[in-house]
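Listed below, chain by chain, are the residues.
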Amino acid sequence: MSYRMRISALLAALFCMFAVAAPARATPTPDGLCDVTVTVPAQWSNGYSVAVTVRNISIRPVTWRASVAVPPPGYIVQGWNATFQYVGSTVWIYPPPYPSGVLQPGQSHNFGYLGSGTMPALPVVTCS
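Residues numbered from 1 in each chain as written. Predicted model: local features only at pLDDT ≥ 70, side-chain atom pairs only at ≥ 80, totals over all residues. Heavy atoms only, no water.

## Here's the deal with the pattern of salt bridges
To be explicit about the condition: For this analysis, a salt bridge means a side-chain nitrogen from Lys or Arg found within 4 Å of a carboxyl oxygen belonging to Asp or Glu. Note on conventions: DSSP H or I runs of at least 4 residues are helices, E runs of at least 2 residues are strands, and numbering of each starts at the N terminus.
According to the stated counting rule, one finds one salt bridge in the structure shown. For Arg55, the salt bridge goes to Asp35, with nearest N and O atoms at 3.2 Å. Pair noted here: Arg55 is in strand β3 (residues 47-56) and Asp35 is in strand β2 (residues 34-44), with a separation of 20 residues, a long-range link.

What follows is the structure in structure tokens.
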């Protein structure tokens, strides 16, 4: 585990001590190919933590992507298990390139991030 990952994990654990997790929601994506569970393990006065699980509920391999609007002055401080790309105030979240961005039927992938500022809307995930 890298130094940055250890620091991120430590920060997330510390923040969890000061906030109560929001209940998880498991909902199908608009395309009906995946179930998505989003939790907010921690939220504090100037930041938050979000954890997401994407599970392929279809009978064929799928790829996924997510987006979240992060209004200024907020931003995503640290993300894990995904690739994060800013386009204006929207952050696009993609599967990591290794080992593969493809979810086989029944497989799931977890990712998450720490954000600063007021918590925006939860990420929207689509599968194709």
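## So, the pairing of strand β7 (residues 90-94)
Put simply, the test is: A simple rule labels every residue: compare its accessible area, found with a 1.4 Å probe on the protein chains alone, to the largest value its type can have, and call it buried under 20%, exposed over 50%, or partly exposed in between. Two strands form a pair only when DSSP identifies at least two bridges running between them.
Of the two faces of β7, only the one carrying Val91 and Ile93 is buried; Thr90, Trp92 and Tyr94 on the other face are not. In this structure, strand β4 (residues 62-69) lies alongside β7, joined through four bridges in antiparallel fashion. By the bridge assignment, Val68 is partnered in β7 with Val91. Note: strand β6 (residues 83-87) against β7, five bridges, orientation antiparallel. Of the residues in β7, the one forming a bridge with Val87 is Thr90.

## Considering the pairing of strand β9 (residues 108-116)
Regular strands place their side chains on alternate faces of the sheet. Judged by how many residues are buried, β9 sits mostly within the fold: seven of nine residues are covered. One ladder, built from nine bridges, connects β3 with β9; its direction is antiparallel. Looking at β9, one finds that Tyr48 is bridged to Gly115. Two strands pair when backbone bridges link them, and strand β5 (residues 75-80) and β9 are joined in this way by five bridges, in the antiparallel orientation. Among the inter-strand pairings, Tyr75 is bridged to a residue of β9, identified as Ser116.

## A word on the nonpolar core
Counted only if it meets this: For the purposes of this section, nonpolar cores are sets of buried Ala, Val, Leu, Ile, Met, Phe, Trp, Tyr and Cys residues that join through side-chain atoms within 4.5 Å. Here, residues are in contact when the closest pair of their heavy atoms is within 4.5 Å.
Residues Val52, Val54, Trp64, Ile93 and Phe111 are the most contacted members of the largest nonpolar core, which totals 22 residues. Once residues lying within four places of it in the same chain are set aside, the contact partners of Trp64 are Val54, Ala82, Ile93, Tyr94, Pro95, Gly101, Leu103, His109, Phe111, Val125, Thr126 and Cys127.

## Some points on the environment of Thr63
When you line up the elements, Thr63 lands in strand β4. C-alpha separation for the pair Thr63 and Leu33, spaced 30 residues apart in sequence, amounts to 9.6 Å. In this structure, Thr63 is in contact with Gly101, Val102, Thr126, Cys127 and Ser128, ignoring residues within four places of it in sequence.

## Digging into the packing of aromatic side chains
Note the following rule: Centres within 6.5 Å are what make two rings of Phe, Tyr or Trp a pair, Trp counting through its six-membered ring; a difference in plane orientation under 30 degrees is then read as stacked, over 60 as edge-to-face, and the rest as tilted.
With the rule as written, the count across this model stands at three aromatic pairs. Between the aromatic rings of Trp64 and Phe111, the centroid separation amounts to 5.0 Å while the plane-to-plane angle is 5°, which identifies the pairing as stacked. Linking Trp64 in strand β4 with Phe111 in strand β9, this pair joins segments that are 47 residues apart in sequence. By the burial criterion, Trp64 is buried, and Phe111 matches it. A connected cluster of aromatic rings, assembled from ring pairs, spans Tyr48, Phe84 and Tyr113.

## Concerning the state of the cysteines
To keep things clear, this is the line we draw: Note that a disulfide, as used here, is simply two cysteine sulfur atoms within 2.5 Å.
All chains considered together, the criterion is met by one disulfide. Shown here is the disulfide that connects Cys34 with Cys127, its sulfur atoms set 2.0 Å apart. Looking down the S-S bond of the Cys34 and Cys127 bridge, the torsion is -115°, so its handedness is left-handed. A residue pair is termed long-range when its members are at least 10 positions apart, and Cys34 in strand β2 and Cys127 in strand β10 (residues 124-127) qualify at 93 residues.

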